[in-house]
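Take a look at the letters that make up each chain.
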Amino acid sequence: MKTKILMVLLALVIVALVAVPWVASYFFIFIATEILILGLFAASFNVIFGYTGMLSFGHAAFFGIGSYATALVLIHLEWPFLACLLVSMGVSAVLALIIGFLSVRLNEVYFAMLTLAFGMMVFAIAYQWRSVTNGSDGLAGFILKDFGLGLDLTLGNPSVYYHVVLAIVGIAAVVLYIICRSSFGMVLKAIRQNPERVSFAGLNVRSYRLAAFVIGGTFAGLAGGLIAPFLRVASPELLHWSMSAEPVLMSILGGTGYFLGPFVGSALFVLLETVITSYTESWMLVLGIILALMVVFFRKGLLGTVLDWWLEIKK
Amino acid sequence: MAGIGPALLNSLDIGLLLFIIAVGLNIVFGVLNIINFAHGALYMLGAYLAFTLINLAGMPFWVALLLAPLGVAIIAVVLDRVLLRFIYSRDVADSLLLTFAILLIINESVRMIWGSGIHVVQPPDLLAGSVELLGSPVSTYSLFVIVVGLLMLAGLWYLFNRTRIGRTMRAAALDRDMAEALCINTRLVVTGVFAFGAWLAAIGGVVAAPMRALDPGMGDKIIIESFIVVVIGGLGSFPGALIGALILGFIHGFGGRYLPEVNLLLPFLGMALVLLFKPNGLMGKGAHA
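As the structure is a prediction and not an experimental result, all values here were calculated from the model.

Colleague: Would you take a moment to explain helix 2 (residues 39-56) of chain B for this structure?
Modeller: An α-helical turn contains 3.6 residues, so a residue and the one three or four places further along point in the same direction. Residue and element names in this part refer to chain B. A rise of 1.5 Å per residue sets the reference length of helix 2, with its 18 residues, at 26 Å; its end C-alpha atoms lie 25 Å apart and thus fit the reference within 8%. Across the 18 residues of helix 2, 14 count as buried, placing the element largely inside the fold. Taken from the residues just after helix 2, G58 is the one with a positive phi, measuring 70 degrees.

See below:
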């Protein structure tokens, strides 16, 4: 019964998401696009943090390099958009494999610090390698010509782009969900709870951690490939550690223990930001207070807290 | 190679300033097992309080050097009692997240109170000039920073090895329950250590204020630097903090001068290299988490 209600709720949300361009103004189409892309970014991070228990502070490296990959391919090769996204995922996967290979053997704190260091190294390269990345200005002035697969889409139109993002993020979310619900995903959860036991069960914890890290990085790269045409620029800011903090915040806000938590978190994050910045410039102050309260009192995030409360009164 | 002398001196003053800041982060981690992401924000508060005391209240620099860190320590006590007490018994990730929230709160409060513009603190007249050293002019303030760094180094060594307070802190770091059984008020120690760490960060902030322009992003920069220092040296290791700070000082002092095209990359490269070969840092004793 309860799962049925939840499924209906989910279906309603999906219908509402599809309908956004027909019922809402451009402003809200932009907001919804941003929520979807950042939601995918946060969900990719949650594979590493929420499922496997590794607090990475360099996740923006994959997001940022994905955006640069798409921008560079669009500028120099003018490939269809879908091909750009695949390149973004490939580049991020390779980078995640390298950084992950070197980082996953370290414990919690050192892992966080090493991923931070690698993330900032990528940032520093993007910032100082001007001939390729155009330095602090970033890469702009690229145009989306066609989508690929013979589809005739005007990607320059925000509502068309929104639907493309919705479709891609939807597919990516389903793939991630299948991965997380598979036996592989169960092992990841077990690693978060007790790596020693998983190791005693004969599984190689390190390679599972690495696999989770690469999967997370790859999908962050996809999110990055989607954000570049949305922002119309790929800039070093997308690689900075403060960008790495965003999926952390979104996951915590929504709930790290739930697959949809990061998406709820990104919606909450972007909507709160939009509402609060229309009243006051101190959005970060409010965010800080909310985050502090969440960490101290509502460790399960908004989704987890609401679900718990709802299941409790329905009993 | 006429540039080596100044680069060396520059490395030392950056390194010793970083030591003052990073050692506070390290002590807090060593005793409380929390990573204080807000440490850089406390450093910034020290600098801004000093700015207010000197430029708006007209106090001498030396009085600000005494009062501003005390003010920051009091703020730290409030933070400890209101927020941090909930998460001391949880895992390290929670402390990272909560102190990150505190960082956001402090950063934004500074922006609200002092604005996002740049503020400048003049060094006191006594330290404003330069002196001749080995044939080249050296800013007196650089020498002052080096002296303060060495004094703090000696003071901390004395505190931890020769005084009862230092031994109490070390006891609480090693075994909280045993310390409790020996009638040590660990709750007080925890608050005291957190406030002490904040005090050190703020000393760093006041000392740095006349060298660097004050802006609301200054704490974010220094926290990353401090992380690099303690990770290179080894979390929780006192000599490690010194070694890490000096290494990073040299990376900045020489890297900025001789390799400007990759200078942003160098600190992170150094940190990554150390962790790859010594996963617990140069002086780290072993896994904590």
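Colleague: Mind showing me how you'd approach the packing of aromatic side chains here?
Modeller: Centre distance and the angle of the planes are the two values used to describe a pair of aromatic rings. Per the counting criterion, the structure on display carries 29 aromatic pairs over all chains. Aromatic pair F61(B) and W62(B): ring centres 5.4 Å apart, planes at 85 degrees, arrangement edge-to-face. For F61(B), a relative accessible area of 5% translates into the label buried. One aromatic cluster is present, formed by F57(A), W241(A), F37(B), F100(B) and F227(B) through successive ring pairs. Lying over the aromatic face of F101(A), R206(A) brings its terminal NZ or CZ to 5.5 Å of the ring centre. Its guanidinium or amino end placed over the ring of F86(B), R85(B) lies 4.6 Å from that ring's centre, counting from NZ or CZ.

Colleague: Any chance you could explain the pattern of salt bridges here in plain terms?
Modeller: Under the counting rule described, the total for this entry stands at seven salt bridges over all chains. One salt bridge in this structure joins D80(B) and R81(B), with 3.6 Å as the shortest N-O distance. The partly exposed category is assigned to R81(B), whose relative accessible area is 39%. Where salt bridges share partners, they join R299(A), R90(B) and D94(B) into one cluster.

Colleague: How should the interface of chain B and chain A be read in this particular structure?
Modeller: Note: interface size is frequently given as the accessible area lost on complex formation between the parts. Contact with chain B, which involves 45 residues of that partner, is made by 40 residues of chain A. If you sort the residues of chain B by the area they bury against chain A, L97(B), F268(B) and L276(B) come out on top, with a joint share of 16%. For the pair chain B and chain A, the number of links is one salt bridge. Among the salt bridges present, the one from D94(B) reaches R299(A), with a minimum N-O distance of 2.6 Å. Taken together, the connections running from chain B to chain A amount to seven residue pairs in polar contact (both at pLDDT 80 or more). Only helix 4 (92-114), helix 9 (218-233) and helix 11 (266-277) of chain B provide two or more residues apiece to the side of chain B that touches chain A. Along the lines of polarity and charge, the residues of the side of chain B that touches chain A split into 33 nonpolar, six polar and six charged.

Colleague: Help me understand the pairing of strand 2 (residues 136-139) of chain B in this model?
Modeller: Along any regular strand, the residues point their side chains to alternate faces of the sheet. Residues and elements named next belong to chain B. Bridging between strand 1 (residues 130-133) and strand 2 involves four bridges; their strand directions are antiparallel. Paired with S130 across the bridge in strand 2 is S139. Count of turn residues in the strand 1/strand 2 antiparallel hairpin: two residues, of which L134 carries a positive phi of about 50 degrees.

Colleague: Could you clarify how one ought to interpret empty space enclosed by the protein in this entry?
Modeller: Space left empty within the atom packing is revealed by a probe, the size of a water molecule, rolled over the atoms. All names here are of chain A. By the definition in use, this model includes one cavity of 30 Å³ or more. In this model, the largest cavity occupies a volume close to 30 Å³. Around the largest cavity sit S56, G58, A61, F62, I99, T115, F118, G119 and F213, which together line it. Put simply, the parts of the chain that give the lining of the largest cavity at least two residues each are helix 3 (60-76) and helix 5 (108-128). With three residues, helix 5 is the largest single contributor of residues to the lining of the largest cavity. Across the lining of the largest cavity, the residue classes break down as five nonpolar, four polar and no charged.

Colleague: Teacher, can you tell me more about the side chain of S103(A) here?
Modeller: All names here are of chain A. One can find S103 in helix 4 (residues 81-103). Among the polar contacts listed, one links the side chain of S103 to the backbone oxygen of I99, at a separation of 2.6 Å. Those residues in contact with S103 that lie beyond four places of it in its chain are F111, L114, T115 and F118.

Colleague: Sorry, what's going on with helix 10 (residues 238-258) of chain B here?
Modeller: Residues and elements named next belong to chain B. The end-to-end C-alpha separation of helix 10 is 30 Å, in line with the 30 Å expected for 21 residues at 1.5 Å each. Buried within helix 10 we find G240, A241, G244, A245, L248, G249, I251, G253 and G255. Structurally, helix 10 contributes buried residues whose contacts are with helix 1 (4-32), helix 9 and helix 11. Between a side-chain oxygen at the N-terminus of helix 10 and the backbone nitrogen of G240 the separation is 2.9 Å; the capping residue is S237.

Colleague: Any chance you could explain the environment of G135(A) here in plain terms?
Modeller: Residue and element names in this part refer to chain A. Its location among the elements puts G135 in the loop between helix 6 (130-133) and strand 1 (139-140). Looking at G135, the relative accessible area reads 0%, which means it is buried. G135 sits 101 residues away from P236 along the chain, and the two C-alpha atoms are 7.5 Å apart. If sequence neighbours within four positions are ignored, G135 has contacts with Y68, A126, Y127, R130 and P236.

Colleague: What exactly am I supposed to notice about the packing of helix 8 (residues 183-193) of chain A against helix 10 (residues 205-231) of chain A here?
Modeller: Two measures define how a pair of helices packs: the angle their axes make with one another and the distance between the axes. Residue and element names in this part refer to chain A. Direction vectors running N to C along helix 8 and helix 10 enclose 110 degrees, while the axes themselves pass 10 Å from each other. When the interaxial angle is binned, helix 8 and helix 10 end up roughly perpendicular. Our pair here, helix 8 against helix 10, has a crossing hand that is left-handed. Only V205, Y208, R209, A211, A212 and I215 of helix 10 make contact with helix 8, whose side of the interface consists of F184, V187, L188 and I191.

Thresholds applied
- Residues numbered from 1 in each chain as written.
- Chains lettered and ligands numbered in written order.
- Predicted model: local features only at pLDDT ≥ 70, side-chain atom pairs only at ≥ 80, totals over all residues.
- Heavy atoms only, no water.
- Helix = DSSP H or I, 4+ residues; strand = E, 2+ residues; numbered from the N terminus.
- Expected span 1.5 Å × (residues − 1).
- Buried < 20%, exposed > 50% of the residue type's maximum accessible area, 1.4 Å probe, protein only.
- Phe/Tyr/Trp six-rings, centres within 6.5 Å; stacked < 30°, edge-to-face > 60°.
- Lys NZ or Arg CZ within 6 Å of the ring centre and 35° of its normal.
- Salt bridge = Lys/Arg side-chain N within 4 Å of Asp/Glu carboxyl O.
- Contact = heavy atoms within 4.5 Å.
- Buried area = accessible area lost by both parts, 1.4 Å probe.
- Polar contact = N/O pair within 3.5 Å; in protein donor to acceptor, adjacent residues only side chain to side chain.
- Nonpolar A, V, L, I, M, F, W, Y, C, P; charged D, E, K, R; others polar.
- Pairing = 2+ DSSP bridges.
- 1 Å grid on protein atoms, 1.4 Å probe; cavity = no way out; pocket = protein on both sides within 12 Å on 5 of 7 lines; lining within 4 Å.
- Points joined across faces, edges and corners; volume = space filled by probe spheres on them.
- Axes fitted to C-alpha atoms, helices over the stretch in contact; angles between N-to-C directions.
- Parallel < 35°, antiparallel > 145°, perpendicular 65-115°, else oblique.
- Left-handed = near helix turned anticlockwise from the far one by under 90°.

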